[in-house]
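Analysis of the macromolecular model
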Amino acid sequence: MTERFALVPASYVYLLREGEGGTEVLLQLRRGTPYMDGHWAAAAAGHVERGETAYDAARREAVEELGITDVDLAFAFTMQRSQHADAIDERVDWFFTARSWTGEPRVVEPEKAAEVRWWPLDALPEPTVPHEAHALAHLFSGVGYLTFGWDATPA
């Protein structure tokens, strides 16, 4: 019998605004973290905790990482990703966007993020966390389910 794997759930919030050149996304530069240190990533993201919905996790992360509340979340899609290794490497991610919130987004956890900055969606910084670059490339595709980590990644 094949051993079942466990999915690690996470929620991501992409704050969006209209800039001079089109839609911009707020990203954080990860610093002092064991995962993708020195990469740009969603300004607010994190694991879904036991008893929490993906929506609740997204709202909590926005408060904890950016100091903003009343985030008007819009569901974008779900991504299943794998590194085909340990159970911890099997992930399911929920991606949300928001164009409205209360407060000015800022770095609340300086031990985890060096800065937050707005970037044009069509000119993301390097390096960006790979699965997030994939997600951002499909943000307005209308596709509800993405995969990442398989050789033939559909969508």
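**Topic: the environment of serine 82**
Among the structural elements, serine 82 can be located in strand 5 (residues 73-82). Serine 82 sits in the buried class, given a relative accessible area of 6%. Taking the C-alpha atoms as reference, serine 82 lies 8.4 Å from threonine 147; in sequence the two are 65 residues apart. If sequence neighbours within four positions are ignored, serine 82 has contacts with Asp89, Glu90, Phe148, Gly149 and Trp150.

**Here's the deal with the nonpolar core**
Within the largest apolar cluster, 20 residues are counted, with the highest numbers of intra-cluster contacts made by Tyr14, Val25, Leu27, Phe77, Phe95, Leu136 and Leu139. If sequence neighbours within four positions are ignored, leucine 27 has contacts with Tyr14, Trp40, Ala41, Ala42, Ala43, Glu115, Val116, Arg117, Trp119, Leu124, Pro125 and Leu136.

The rules behind each value
Residues numbered from 1 in each chain as written. Predicted model: local features only at pLDDT ≥ 70, side-chain atom pairs only at ≥ 80, totals over all residues. Heavy atoms only, no water. Helix = DSSP H or I, 4+ residues; strand = E, 2+ residues; numbered from the N terminus. Buried < 20%, exposed > 50% of the residue type's maximum accessible area, 1.4 Å probe, protein only. Contact = heavy atoms within 4.5 Å. Core = buried A, V, L, I, M, F, W, Y, C linked by side-chain atoms within 4.5 Å.

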